[in-house]
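# A structural walkthrough
Chain residues, written in single-letter form:
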Amino acid sequence: MNFRPGIVCFPVLFFLLFSFSPSSSFSQQSGLKPSDIIAGEEIFPIGVWLQDPGNAPSFKALGINFFAGLWKGPTERQLTQLQAAGMPVFAAQNNFALMPRYEDIIIGWMMPDEPDNAQALANGGMGPPVPPETVIEQYRQMKERDPVRPVLLNLGQGVAWDQWHGRGTRTNHPEDYTHYVKAADIVSFDIYPITHRDSAVRGRLDYVARGVDRLVNWTDGSKPVWSLIETSRVSTAEIMPTGEQVRSLVWLSIIHGARGIIYFVHQFSPYFIEASLLENETLSQDVATINARLQSLAPILNTEKAAKIDINVTAPYDSVSILTRQDSCHLYVFAGSVSKFASEAQITIDGDVVEAVVDVLDEARQIEFRDGGFQDSFAPYAVHLYKIALNGEDCG
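Residues numbered from 1 in each chain as written. Predicted model: local features only at pLDDT ≥ 70, side-chain atom pairs only at ≥ 80, totals over all residues. Heavy atoms only, no water.

Once that is clear, we can look at the overall build of the protein. When helices and strands are tallied, the protein shows eleven helices and 20 strands. What you see for the protein is a C-alpha radius of gyration of 21 Å, in line with the 21 Å of a compact globule of 396 residues. Along the first, second and third principal axes, the C-alpha atoms of the protein reach 65 × 50 × 40 Å. Summing over all exposed atoms, the protein offers an accessible surface of approximately 16600 Å²; the carbon and sulfur share of this is 50%. Both charge centroids of the protein, one from 30 positive and one from 46 negative side chains, sit 6 Å from each other. (Helix = DSSP H or I, 4+ residues; strand = E, 2+ residues; numbered from the N terminus. Rg over C-alpha atoms; globule rule 2.2 N^0.38 Å. Areas by Shrake-Rupley, 256 points an atom, 1.4 Å probe, with all protein chains shown as cover. Lys, Arg positive; Asp, Glu negative; His and termini not counted. Charge placed at Lys NZ, Arg CZ, Asp CG, Glu CD.)

In structure tokens, the structure reads:
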């Protein structure tokens, strides 16, 4: 997603504009290495897109654990502020960022943003997207300069919406993405359905789930997929996402395969606010609550293996999807609706569980478990997080 009015969006300038910054005090403050954000089992990656380092402490207080971008950076001021705040970053790969003094806090490299969209021409107007082979070559060169740290590529809304006219001559050509995804170690995308200006997408939170599904498929599940989540009016002045909508987007992304989240917090209409989330106390608190839950479940979410117990969900038109995980004493079922209609779902479990109640996390309620399963109601695009006790020798 592009951020500031007047930015020129062709690849050469992206390398100059999208520079990032470090945080050598991260390990001193938290006892963790910056690389633990993407490689550790105890941390779920939660980023924020292109924010001023002066706000790093405020974002950190919300549970953000990395920055994805600096405006016209990196500069000495930006780096010093990020170091003081202990905020690692994904960085544009330039000579400055490659200096050894920053290798402990730059956790990865960033490709130019949204190469799959039509690109601005120097003499005005829009040209075609950057050809996939060009992006792949840029990725190859970056890996040649640093073969260790991962490269993150963010793609546009064409990942989820084939009719996105912002792709210009490549509109309705989803086959391009099977090639774009080769140009990264981590792939993300952005589409903002809550505030979208097109009525075909606005309110359709399932587009986020669809985009994640497609990236997982296009990468054959071999690369982490991250999802950008809207937490502002973006460019639609009359619509502000609610905390419940943001929660649904986050968990629908995860249920469908996302392994990291990046929040987009810019507001462009009715006027520009770079860190609009920080000015919205209610939504900030909601986002902090979402992030706290993500971190409490990080060891579960970072396990790629599904639950060993056979679990099935039945809902009208397959409208409810589930992600299952388990530890030694609990079974977790994360369920989300991709339908704009309310529905009922029946979840059946074939395993040795404590047949008593199902805890519904974050909702202060329980559901009776009986006859090998339980039933629950789903409002449009609702998500429910279930925790179920297992029978075991060491389980109380």
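Moving on, we come to the sheet that holds strand β13 (residues 310-314). Read across the sheet, three strands follow the order β13-β16-β19 without closing on themselves; strand pairing throughout is antiparallel. The open sheet is flanked by β13 and β19 (373-378), the only strands paired with a single partner. Along the sheet, successive strands turn relative to each other by an average axial angle of 20 degrees, direction set aside. Sheet analysis places β13 next to strand β16 (residues 343-350), joined by five bridges and oriented antiparallel. (Pairing = 2+ DSSP bridges. Axes fitted to C-alpha atoms, helices over the stretch in contact; angles between N-to-C directions.)

Attention shifts here to the packing of aromatic side chains. Across all of its chains, the model carries 15 aromatic pairs by this definition. Ring geometry for phenylalanine 268 and phenylalanine 272: centres 5.7 Å apart, planes at 35 degrees, overall tilted. The exposure class of phenylalanine 272 is partly exposed, given its relative accessible area of 33%. Connected via pairs of aromatic rings, a cluster forms that spans Tyr192, Phe264, Phe268 and Phe272. (Phe/Tyr/Trp six-rings, centres within 6.5 Å; stacked < 30°, edge-to-face > 60°. Buried < 20%, exposed > 50% of the residue type's maximum accessible area, 1.4 Å probe, protein only.)

With that out of the way, let us pick up the nonpolar core. Within the largest apolar cluster, 79 residues are counted, with the highest numbers of intra-cluster contacts made by Leu155, Val250, Trp251, Tyr263 and Phe334. At seven residues, helix α9 (residues 243-255) tops the list of elements feeding residues into this core. Contacts of tryptophan 251, omitting those with residues within four sequence positions, involve Arg293, Leu294, Leu297, Leu301, Phe334, Val383 and Leu385. Judged by nonpolar contacts, the second largest core, of 22 residues, contains Ala345, Val360, Phe378 and Ala382. (Core = buried A, V, L, I, M, F, W, Y, C linked by side-chain atoms within 4.5 Å. Contact = heavy atoms within 4.5 Å.)

Note that an α-helix has 3.6 residues per turn; residues three or four places apart therefore point the same way. Its 13 residues place the ends of helix α8 (residues 206-218) 18 Å apart at the C-alpha level, agreeing with the 18 Å of an ideal helix rising 1.5 Å per residue. All of the buried residues in α8 are Asp206, Tyr207, Val208, Ala209, Gly211, Val212, Arg214, Leu215 and Trp218. Buried positions along α8 lie against β9 (151-155), α7 (177-180), β10 (186-189), β11 (225-230) and α9. Just beyond α8, the residue with positive phi is aspartate 220, at close to 55 degrees. (Expected span 1.5 Å × (residues − 1).)

Bringing the pattern of salt bridges into the picture now. All chains considered together, the criterion is met by 16 salt bridges. The residue arginine 214 makes a salt bridge to aspartate 162 at a minimum N-O spacing of 3.0 Å. One end of the pair, arginine 214, is in helix α8; the other, aspartate 162, is in the loop between β9 and α7, and 52 residues separate them in sequence. The exposure classification of arginine 214 matches that of aspartate 162, with both residues buried. Across the pair glutamate 363 and arginine 365 runs a salt bridge, and its minimum N-O distance is 2.8 Å. Judged by its relative accessible area of 28%, arginine 365 is partly exposed. Linked by salt bridges that have partners in common, Arg167, Arg170, Glu175 and Asp176 make up one network. (Salt bridge = Lys/Arg side-chain N within 4 Å of Asp/Glu carboxyl O.)

Inspection of the secondary structure puts arginine 325 in strand β14 (residues 320-326). Within polar-contact distance, the side chain of arginine 325 engages the backbone oxygen of threonine 303 at 2.5 Å. Non-local contacts of arginine 325, meaning those with residues more than four positions away in its chain, are made with Ile300, Leu301, Thr303, Glu304, Lys305, Ala306, Ala307, His330, Leu331 and Tyr332. (Polar contact = N/O pair within 3.5 Å; in protein donor to acceptor, adjacent residues only side chain to side chain.)

In this section: the sheet that holds strand β20 (residues 383-389). Across the sheet, five strands lie side by side as β14-β15-β20-β17-β18; this open sheet has antiparallel pairing. Of all strands in the sheet, those with a lone pairing partner are β14 and β18 (365-368), marking the two edges. Adjacent strand axes in the sheet meet at a mean angle of 25 degrees when their direction is disregarded. Pairing of strand β15 (residues 330-337) with β20, which is carried by seven bridges, proceeds in the antiparallel orientation. Residue alanine 335 lies in a different strand from β20, and its bridge partner there is histidine 384. Its contacts with the sheet place α9 against β14, β15 and β20, and it is angled at close to 60 degrees to β20.

Let us look at the packing of α9 against helix α10 (residues 281-296). The contact between α9 and α10 brings their axes to 9 Å, and the two run at 25 degrees. As judged from the angle between their axes, α9 and α10 are roughly parallel. By crossing handedness, the relation of α9 to α10 is classed as right-handed. Judged by residue contacts, Gly243, Val246, Arg247, Val250, Trp251 and Ile254 of α9 engage Leu283, Asp286, Val287, Ile290, Arg293 and Leu294 from α10. Across the contact of α9 with α10, the residue classes break down as eight nonpolar, one polar and three charged. (Parallel < 35°, antiparallel > 145°, perpendicular 65-115°, else oblique. Left-handed = near helix turned anticlockwise from the far one by under 90°. Nonpolar A, V, L, I, M, F, W, Y, C, P; charged D, E, K, R; others polar.)

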